[in-house]
Amino acid sequence: MLYIIDTANIEKIKHCIEYYPIAGVTTNPTIISKEHTDFIDLIRKIEDVIGNDRMFHIQLTGDTAEQMMEEAKALRNVIGDNLYVKIPVGEEGLKATMKLHKEGFHITETAIFTQQQALMAAMAGADFVAPYVNRLDNIVSDGVNVVGEIASMFQRYGLKTKVLAASFKTAEQVHKISMVGGHAVTVNPEILESLIYHPLTMYAIDDFKADWESVYGKKTIMDMVKEKEQ
């Protein structure tokens, strides 16, 4: 499963890339606006941090397919080939997706809430579809089940489109997505960090350190290697 970081904060992106196996960055207008800075300068800085080998998902803001296509072409000139244009599902979005797909663009169809929205987006040429897990849970639906059914449909019809699950509040939701065949998740830095935290892990590390120091004190492995080399 691909882990993607859902933020436009430069320092948080740097931290996550240094310590976690991050496949890319996703943003949307809300996330971008939280940084209160020039949009083009910001996405260029993010691109510099993540490099050309990681995906960069940027959401378009145009209302018509023509506006979306114009924005997509302009953004690709700024970012390069690792750009994935995020397009909200809908008639104009599907129209733009079909046209941009033919022109070789990478596309993530977003704001997915139903299985048929996802299937339609895949048939239009989207590389990823992004269902909103927690938002589905909030309307008494089952976000994890929706993701699982989408993944099963794609497999059944031999589609290459991947499910990029979004909108999480807990690590448990992320785990369940991995169990139902979700291909990727995009999570904020706090959720990402919670995926590897467990108090028993911390206790075990503390025990290892205490046992070591009971015999060797504060000496490290490198201290001992250097002693033998002298």
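Below: a short report on this structure. It should be emphasised that the depicted structure is a prediction, and the values quoted were computed from it without experimental measurement.

A word on the overall build of the chain
Counting its regular elements, the chain contains 12 helices and 8 strands. Principal axes of the C-alpha set define a box for the chain whose edges measure 70 × 40 × 35 Å. Across the 230 residues in the chain, those meeting the buried criterion constitute 42%. Restricting the contact set of the chain to residue pairs at least 6 apart, pairs at least 24 apart contribute 57%. Summed over its atoms, the accessible surface of the chain is roughly 13,000 Å², and 52% of this surface lies on carbon and sulfur atoms. A distance of 2 Å separates the average location of the 23 positive side-chain charges in the chain from that of its 32 negative side-chain charges.

Notes on the pairing of strand β2 (residues 22-26)
The two faces of a sheet get side chains in turn, since along a regular strand they alternate between them. For β2, the tally of buried residues reaches 5 of 5 residues, placing the bulk of the element in the interior. Judged from the 4 bridges that link them, strand β1 (residues 2-6) and β2 form a sheet pairing that is parallel. Following the sheet pairing, Y3 is matched in β2 by I22. One crossover worth recording links β1 to the parallel β2 by way of helix α1 (residues 10-19), and it is right-handed. The sheet contact formed by β2 and strand β3 (residues 55-59) spans 3 bridges and is parallel. Bridge assignment links T26 to a residue of β3, and that residue is H57.

Notes on the pattern of salt bridges
Two side chains of opposite charge can pair, provided their charged atoms sit close to one another. Under the defined criterion, the tally for this structure stands at 6 salt bridges. Note that K12 is salt-bridged to E190, the shortest N-O span being 3.5 Å. Placement of K12 in helix α1 and of E190 in helix α10 (residues 189-194) is noted, with a sequence separation of 178 residues between them. Of the residues examined, K12 reaches a relative accessible area of 36% and is grouped as partly exposed. When its relative accessible area of 45% is taken as the criterion, E190 is described as partly exposed.

A closer look at the sheet that holds strand β7 (residues 162-165)
Overall, parallel pairing links the 8 strands, which are arranged β1-β2-β3-β4-β5-β6-β7-β8 in a closed barrel. Sheet twist, expressed as the average angle between the axes of neighbouring strands with direction ignored, equals 25°. The pairing of strand β6 (residues 128-131) with β7 spans 2 bridges and is classified as parallel. If you follow V129 over to β7, its bridge partner there is V163.

As for helix α3 (residues 39-50)
Compared with the 16 Å implied by 1.5 Å per residue over 12 residues, the 17 Å span of α3 between its first and last C-alpha is a close match. Three or more residues of α3 are buried, namely L42, I43, I46, E47 and I50. Projected down its long axis, α3 shows its buried positions confined to an angular sector of 135°, all on one face. The inward-facing, buried residues of α3 contact α1, β2, α2 (29-33), β3 and α4 (65-79). The N-capping residue of α3, defined by a side-chain oxygen 3.2 Å from the backbone nitrogen of I40, is D38.

Cut-offs used in this document
- Every chain's residues receive numbers from 1 upward, in the order its sequence appears when written.
- With the structure being a predicted model, the display of local features is reserved for residues of pLDDT at least 70 and the display and counting of side-chain atom pairs for 80 or more, all residues being used for whole-chain, interface and lining totals.
- The side-chain figures draw on all heavy atoms in the structure; neither hydrogens nor water molecules are used.
- What counts as a helix is a DSSP run of H or I of at least four residues, what counts as a strand is a run of E of at least two, and both are numbered from the N terminus.
- Residue burial is assigned from relative accessible area. The probe radius is 1.4 Å, only protein chains are included, and a residue is buried under 20% of its type maximum, exposed over 50%, and partly exposed in between.
- Residue contacts are defined here by distance: any two heavy atoms, one from each residue, within 4.5 Å place the two residues in contact.
- We get accessible surface area from the Shrake-Rupley algorithm with a probe of 1.4 Å; when it comes to residues, only the shown protein chains can shield them.
- Counting rule for charge: Lys and Arg are taken as positive, Asp and Glu as negative, and neither His nor the chain ends is counted.
- Lysine's charge is taken at NZ, arginine's at CZ, aspartate's at CG and glutamate's at CD.
- What makes two strands pair is DSSP finding at least two bridges between them.
- Classification remark: right-handed applies to a crossover when, strands pointing away from the viewer, the course from the first strand over the helix to the second runs clockwise.
- Throughout this description, the term salt bridge denotes a Lys or Arg side-chain nitrogen within 4 Å of a carboxyl oxygen of Asp or Glu.
- Inter-axis angles, ranging from 0 to 180 degrees, are taken between N-to-C directions of lines fitted to C-alpha atoms, where helices are fitted over the stretch in contact.
- The length a helix should cover is 1.5 Å for every residue beyond the first.
- It is the directions from the helix axis to the C-beta atoms that the arc portrays.
- Any pair of N or O atoms that falls within 3.5 Å is considered a polar contact. Within protein, one atom must be able to donate a hydrogen and the other to accept it, and sequence-neighbouring residues count only if both atoms are side-chain atoms.

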